[in-house]
Amino acid sequence: MLHYLEAMFRQMDVSSLLDAAARVAAVLLCLTVHELCHGLAALSLGDPTAKSMDRLSLNPLRHIDWLGLLMMFTVGFGWAKPVPVDPRYFKDPKKGMALTALAGPASNFMLAFSLILISKGIYLYADYTPVWNGIYNFLHLTAILSIGLGLFNLLPIPPLDGAKVLGGLLPDRTYFALMRYERYGMLLLLLMSFADVGSGVINRGIAAVYGVMINLIY
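Keep in mind that what you see is a predicted model, and the values were worked out from it rather than measured.

*Asks:* Which residues make up the overall build of the protein, and what are the values?
*Replies:* Each helix and strand in the protein was counted, giving 10 helices and 0 strands. In the protein, the succession of α and β elements from N to C terminus is α-α-α-α-α-α-α-α-α-α. Evaluated residue by residue, the protein yields a buried proportion of 37% over its 218 residues. Here the contacts in the protein between residues at least 6 apart in sequence split such that 72% fall between residues at least 24 apart. Accessible surface for the protein amounts to roughly 13000 Å². Of this, 68% is attributable to carbon and sulfur atoms. Measuring between centres, the 16 positive side-chain charges of the protein sit 8 Å from its 14 negative side-chain charges.

*Asks:* Tell me about a nonpolar patch on the surface, and please be specific about residues and values.
*Replies:* Where nonpolar side chains cluster on the molecular surface, the patch consists of F113, L117, V212 and L216 and spans about 380 Å² of accessible area. Among the secondary structure elements, those contributing two or more residues to the nonpolar patch are α5 (93–125) and α10 (199–217).

*Asks:* Break down the pattern of salt bridges for me, citing the residues and quoting the values.
*Replies:* Tallying each qualifying case throughout the model produces 3 salt bridges. A salt bridge links D86 to R88; the nearest nitrogen and oxygen atoms lie 2.8 Å apart. Since its relative accessible area comes to 15%, D86 is described here as buried. We classify R88 as exposed; its relative accessible area is 72%.

*Asks:* Please give an account of the packing of helix α6 (residues 130–153) against α10 that cites residues and values.
*Replies:* Running from N to C, α6 and α10 cross one another at 125°; their axes reach a closest spacing of 9 Å. It follows that α6 is oblique to α10 by the angle criterion. α6 and α10 meet at a crossing whose hand is right-handed. The residues of α10 that touch α6, namely those facing H140, I144, I147, G148, L151 and F152, are I202, G205, I206, V209, Y210, M213 and I214.

*Asks:* If you had to explain the nonpolar core to someone new, which residues and values would you point to?
*Replies:* Ranked by internal contacts, the top residues of the largest apolar core, which has 26 residues, are V27, L31, L69, I147 and M213. Elements that contribute at least two residues to this core include exactly α2 (14–44), α4 (66–74), α5, α6 and α10. Setting aside anything within four residues of it in sequence, one finds M213 in contact with F109, A112, F113, I116 and I147. Among the nonpolar cores identified, the runner-up in size contains 6 residues, and A42, F90, M97 and M179 belong to it.

*Asks:* Before we move on, could you go through unusual backbone geometry and cite the residues and values that matter?
*Replies:* In this structure, P159 follows P158 across a cis peptide bond, with omega equal to 5°. Residue placement: P159 occurs in the loop between α6 and α7 (161–167). Positive phi, close to 60°, is recorded for D54, a residue that is not glycine. Topologically, D54 is positioned in the loop between α3 (49–52) and α4. Residue D54 is classed as partly exposed on the basis of its relative accessible area of 40%.

Reading the values: rules and limits
- Residues numbered from 1 in each chain as written.
- Predicted model: local features only at pLDDT ≥ 70, side-chain atom pairs only at ≥ 80, totals over all residues.
- Heavy atoms only, no water.
- Helix = DSSP H or I, 4+ residues; strand = E, 2+ residues; numbered from the N terminus.
- Buried < 20%, exposed > 50% of the residue type's maximum accessible area, 1.4 Å probe, protein only.
- Contact = heavy atoms within 4.5 Å.
- Areas by Shrake-Rupley, 256 points an atom, 1.4 Å probe, with all protein chains shown as cover.
- Lys, Arg positive; Asp, Glu negative; His and termini not counted.
- Charge placed at Lys NZ, Arg CZ, Asp CG, Glu CD.
- Patch = residues over 30% accessible without salt bridge, like charges linked within 9 Å, V, L, I, M, F, W, Y side chains within 5 Å.
- Salt bridge = Lys/Arg side-chain N within 4 Å of Asp/Glu carboxyl O.
- Axes fitted to C-alpha atoms, helices over the stretch in contact; angles between N-to-C directions.
- Parallel < 35°, antiparallel > 145°, perpendicular 65-115°, else oblique.
- Left-handed = near helix turned anticlockwise from the far one by under 90°.
- Core = buried A, V, L, I, M, F, W, Y, C linked by side-chain atoms within 4.5 Å.

All quantities given are derived from atomic positions and should not be read as evidence of function.
Take a look at the structure:
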């Protein structure tokens, strides 16, 4: 067994391991900010549920769903542990849920923009070294993943945020009818992921949003 482990270690590409570690860190950052901002939006609208359950945290361990994280790396579609929201605290429950849902994707776009802005500072003022180059690449990797997470969650398919945002614009009867299909939405998303349906549209959307941000900042 020891010889086997030693041989496996020798075959490992250090660069690949670093790339994998960077990707994991980037995904955790994007998911953590996304869920934290759901909780902050709910709190600002009067719902203290997430705060009382200690979910208003930048600690990724409070937000990770391990199965969702595994799915993200194996099939390209995953999820975090949803922040608990109690719409009974909202003055207008449907509108409150829509705003709380929108806060997640919006935070991902803001995070991406901020990271690209920081990367410009590195580009302009930091010496070119392997460390700074690695940080620069990590910032852009995280920005791209964050944009992707934001766009994906805006799809109007329950239980994604886009369905709740759309629900805020629909009549109550239509909204509740849509939410009844939430349990089937996850299955639909899994099937779409395995069949690679819609990935081209998402990828083009990521490229478009990323390109706009780059043009605004650089």
